[in-house]
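# Close look at the chain arrangement
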Amino acid sequence: MPAPLAKPSADTFRQPLLDTRHLVETPEGIDLVLHPAGLVPRALAFAVDLTIRGTILLLAFLALGPFGELGMGLASLLFFLVTWWYMVLFEVLNQGCTPGKQLLGLQVVHDDGTPVGWAASLTRNLLRVVDLLPFGYTLGILSCLAHPTFKRLGDLAAGTLVIYRERPQPRPSLPEIDAQPLPFAPQADERRALLAFAERQAGLSAGRRRELAGILAGPLRVPEEQAEARLLGIARELMGPP
Amino acid sequence: MKQNSFEHRHQAEWQDFARRLDALERGRPGADSRHFPAAYRRLCRHLALAEERGYSSRLVDQLQQLALRGHRQFYRHRNPLGARCLGFLLGGFPRLVREEWRPVLAASLLFYGCLLGMGLLVYLFPELVYSLLDPGQVAQMEAMYDPDASRLGRFGERSSAADWMMFGYYVMNNFGIAFQTFAGGLLFGLGSLFFLLINGLSIGAVAGHLSDIGYTGTFWPFVIGHGAFELTAITLAGAAGLKLGWALCAPGRLRRSEALRQAAERSVRLVAGVLFLLLIAAFVEAYWSSMTFPGAALKYTVGILLWLLVAAYFLLAGRPRHAPE
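Residues numbered from 1 in each chain as written. Chains lettered and ligands numbered in written order. Predicted model: local features only at pLDDT ≥ 70, side-chain atom pairs only at ≥ 80, totals over all residues.

Moving on: the overall build of chain A. When you go through chain A residue by residue, the secondary structure sums to twelve helices and four strands. For chain A, the C-alpha radius of gyration of 26 Å lies well beyond 18 Å, the compact-globule estimate for 242 residues. Along the first, second and third principal axes, the C-alpha set of chain A runs to 95 × 35 × 30 Å. Per-residue burial for chain A yields a buried fraction of 31% across its 242 residues. A sequence separation of at least 24 residues applies to 64% of the contacts in chain A between residues at least 6 apart. (Helix = DSSP H or I, 4+ residues; strand = E, 2+ residues; numbered from the N terminus. Rg over C-alpha atoms; globule rule 2.2 N^0.38 Å. Buried ≥ 20, exposed ≤ 12 C-beta atoms within 10 Å, placed from the backbone. Contact = placed C-beta atoms within 7 Å.)

Put into structure tokens, the structure is as follows:
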């Protein structure tokens, strides 16, 4: 009877992941995974919004200029609306996306993952004035860089979060290969790692696939060249018959 | 259970759930939305199973996205805006101001203290006005309230179409000041203190100076009407900012971030009330205060009535007639 195969050490997959995911536990007892957006995409989204606002105001002033005092009154009302309400109106009425955020694939949500409401959106956008201090968003940038989920001061006070909008992923197909029996009973995260390897193999180069599979050649007790086929076979077995 | 058979068994259900989510997100819940909570909980169960059994990331991610979208629809903070606004203005806002009497009192003392103190000082020692305002600004103020002008206010002589311009200008200017006063509270309250102080001092200086040079007949009837709303609004914006600052300075038994979040939740409602007051102030200032044909006596009467109205609103409105059930 062959000796039981050596298992990959328990630490291999179980270290806390070094990433920016933000977990929200719901009353149903599941963890929702949010991906907070960092400084650069947020700054780009802001730049886009700034350009749009500038264009709107420029066009409005050109169009309202000939109307004299009435035009000036309307223009200053419009200036007020665009300065203070552009962000709030878009965020609340458009699922947390201003046009800039939409373009960058970002979204504002409450800390618990629900869509941002009037109170929170108003808070975070009024307090933007403080983030701007002392010049050019200095406080906002410092706060954003120092916070684990990249919040600026307005986000801290309002309890909001800027996250990446989720996109539907295409369904990958597993390679056509015969299922092979499992050499040991893998833990849940080990199963996921094996399946992830099989699902992503189409996007990896042959050399990289071999290198990755080679890590497990020892524990699987196969020569390094066969490790890849063996792993894919095991993944097939884990998926079950189609 | 193997992943493939799990997927085969529930695939139709997930697609159905995604279809319902699409409808809900477009704001058109179908007839079967009554069953949405049950469907959402089943999906959560499937997600928990998929994670526990170590199914592939692709499936788990797909279920997680569905769960996230379901969570958003299920726990969305509903806001029927119209009804809530009305309730807030009729009762919620004055109640909130009474509950937050500490920051409101502090902001009022600071603001009105500076205003009255500076006004009195400038009235007694006229040259003091130049310690705060430069001569150009003072001359501008004098021109605005010159008793010979037919219409008053920040734009002097103008046609009736210019009421629009003034309205726009007042909205932009006053809302800007109020928002800054509020937001400054995030700097440990210092910003709010600063803006309350500066606004109190400069308004006091102008009032003292214009009274001193004998423009009382134009200045006071002009400002008394909208002052009731404008000064109250600035005070309340300052109070909202001070509340933020206080939460940062003395968070009590909470973490600072949590204390700030809770304070901001209430402060922003104060600011919503400030918006309402400022809107009234801009209307009164543009369309009533600037008119010269009502005599000074009528202006004073209406002004005092407006002050009493504001006071009564904050003291009396929103008190329940019956004991709460």
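Counting its regular elements, chain B contains twelve helices and zero strands. Its helices and strands in sequence order give chain B the pattern α-α-α-α-α-α-α-α-α-α-α-α, from N to C terminus. What you see for chain B is a C-alpha radius of gyration of 28 Å, clearly larger than the 20 Å of a compact globule of 325 residues, by over 25%. Across its three principal directions, the C-alpha atoms of chain B cover 90 × 45 × 45 Å. When the 325 residues of chain B are sorted by exposure, 40% land in the buried category. Contacts in chain B between residues at least 24 apart in sequence constitute 77% of all its contacts with a sequence separation of at least 6.

Once that is clear, we can look at the interface of chain A and chain B. At the interface, 50 residues of chain A touch 52 residues of chain B. Contributing elements (two or more residues each) for the side of chain A that touches chain B: strand E2 (31–34), helix H3 (68–93), helix H5 (118–126), helix H6 (128–131), helix H8 (153–158), helix H9 (188–200) and helix H12 (224–239) of chain A. Top contributing element to the side of chain A that touches chain B by residue count: H3 of chain A, with ten residues. Here the side of chain A that touches chain B is built from residues that sort into 30 nonpolar, eleven polar and nine charged. (Nonpolar A, V, L, I, M, F, W, Y, C, P; charged D, E, K, R; others polar.)

The next subject is the pairing of E2 of chain A. Every other side chain in a regular strand lies on the same face of the sheet, so the side chains alternate between the two faces. Residue and element names in this part refer to chain A. Residues of E2 alternate between two faces, with Leu32 and Leu34 buried on one and Asp31 and Val33 left unburied on the opposite face. In this sheet, E2 lies alongside strand E1 (residues 22–25) in antiparallel orientation, the contact comprising four bridges. Considered in E2, the bridge of Val24 is made with Leu32. The hairpin formed by E1 and E2 contains five residues between the paired strands, and Gly29 there has a positive phi angle of roughly 80°. (Pairing = 2+ DSSP bridges.)

If you check the domain split of chain A, you get domain 1 (33–164) and domain 2 (172–239). Taking only C-alpha atoms into account, the centre of domain 1 of chain A sits 46 Å from that of domain 2 of chain A. (Domains from an automatic or database assignment.)

The end-to-end C-alpha distance of helix H3 (residues 57–74) of chain B, which contains 18 residues, comes to 25 Å, matching closely the 26 Å that a straight helix rising 1.5 Å per residue would cover. The inward-facing, buried residues of H3 of chain B abut E2 of chain A together with helix H1 (3–25) and helix H2 (36–52) of chain B. (Expected span 1.5 Å × (residues − 1).)

Attention now moves to unusual backbone geometry. Residues and elements named next belong to chain A. At Gln95, a position not held by glycine, the phi torsion is positive, near 55°. Of note in this structure, Phe150 is not a glycine but carries a positive phi near 55°. Inspection of the secondary structure puts Phe150 in the loop between helix H7 (138–146) and H8. Look at Phe150 and you get buried, because 21 C-beta atoms sit within 10 Å.

This paragraph deals with the UniProt feature "transmembrane region" (unreviewed entry) in chain B. All names here are of chain B. In the numbering used here, UniProt assigns the "transmembrane region" (unreviewed entry) feature to residues 104–125, 186–207, 219–246, 267–288 and 300–318. Span residues 104–125 is 95% helix and 0% strand, its end C-alpha atoms 31 Å apart. The span residues 219–246 is 100% helical and 0% strand by assignment, and the distance between its end C-alpha atoms comes to 37 Å. (UniProt positions renumbered as here; feature names shortened; annotations may be inferred.)

The next thing to look at is the UniProt feature "domain: RDD" (unreviewed entry) in chain A. UniProt records the feature "domain: RDD" (unreviewed entry) at residues 37–159 of chain A, using the numbering of this structure. Taken end to end, residues 37–159 of chain A is 70% helix and 4% strand, and its two terminal C-alpha atoms sit 15 Å from one another.

Attention now goes to the domain arrangement of chain B. Looking at the assigned domains, one finds that chain B contains domain 1 (3–74) and domain 2 (83–316). The gap between the C-alpha centroids of domain 1 of chain B and domain 2 of chain B is 52 Å.

The positions that UniProt labels "transmembrane region" (unreviewed entry) are, in the present scheme, residues 43–64 and 70–93 of chain A. Along residues 43–64 of chain A one finds 100% helix and 0% strand; the C-alpha atoms at either end are 31 Å apart.

In this structure, Leu78 of chain A sits in helix H3. The class for Leu78 of chain A is partly exposed, based on 17 C-beta atoms found within 10 Å.

Further remarks concern the nonpolar core. For soluble globular proteins, nonpolar side chains are generally found buried alongside one another. Judged by nonpolar contacts, the single largest core of 105 residues is most densely connected at Ala157 of chain A together with Ala67, Ala178, Ala233, Leu236, Ala237 and Val274 of chain B. Here this core takes 15 residues from helix H10 (residues 216–249) of chain B, the largest share from any one element. With near-sequence residues (within four places) excluded, Leu236 of chain B lies in contact with Val97, Val104, Leu270, Gly273 and Val274 of chain B. Of all hydrophobic cores here, the second largest spans 14 residues; its members include Leu195, Ala213, Leu231 and Ala235 of chain A. (Core = buried A, V, L, I, M, F, W, Y, C linked by C-beta atoms within 7 Å.)

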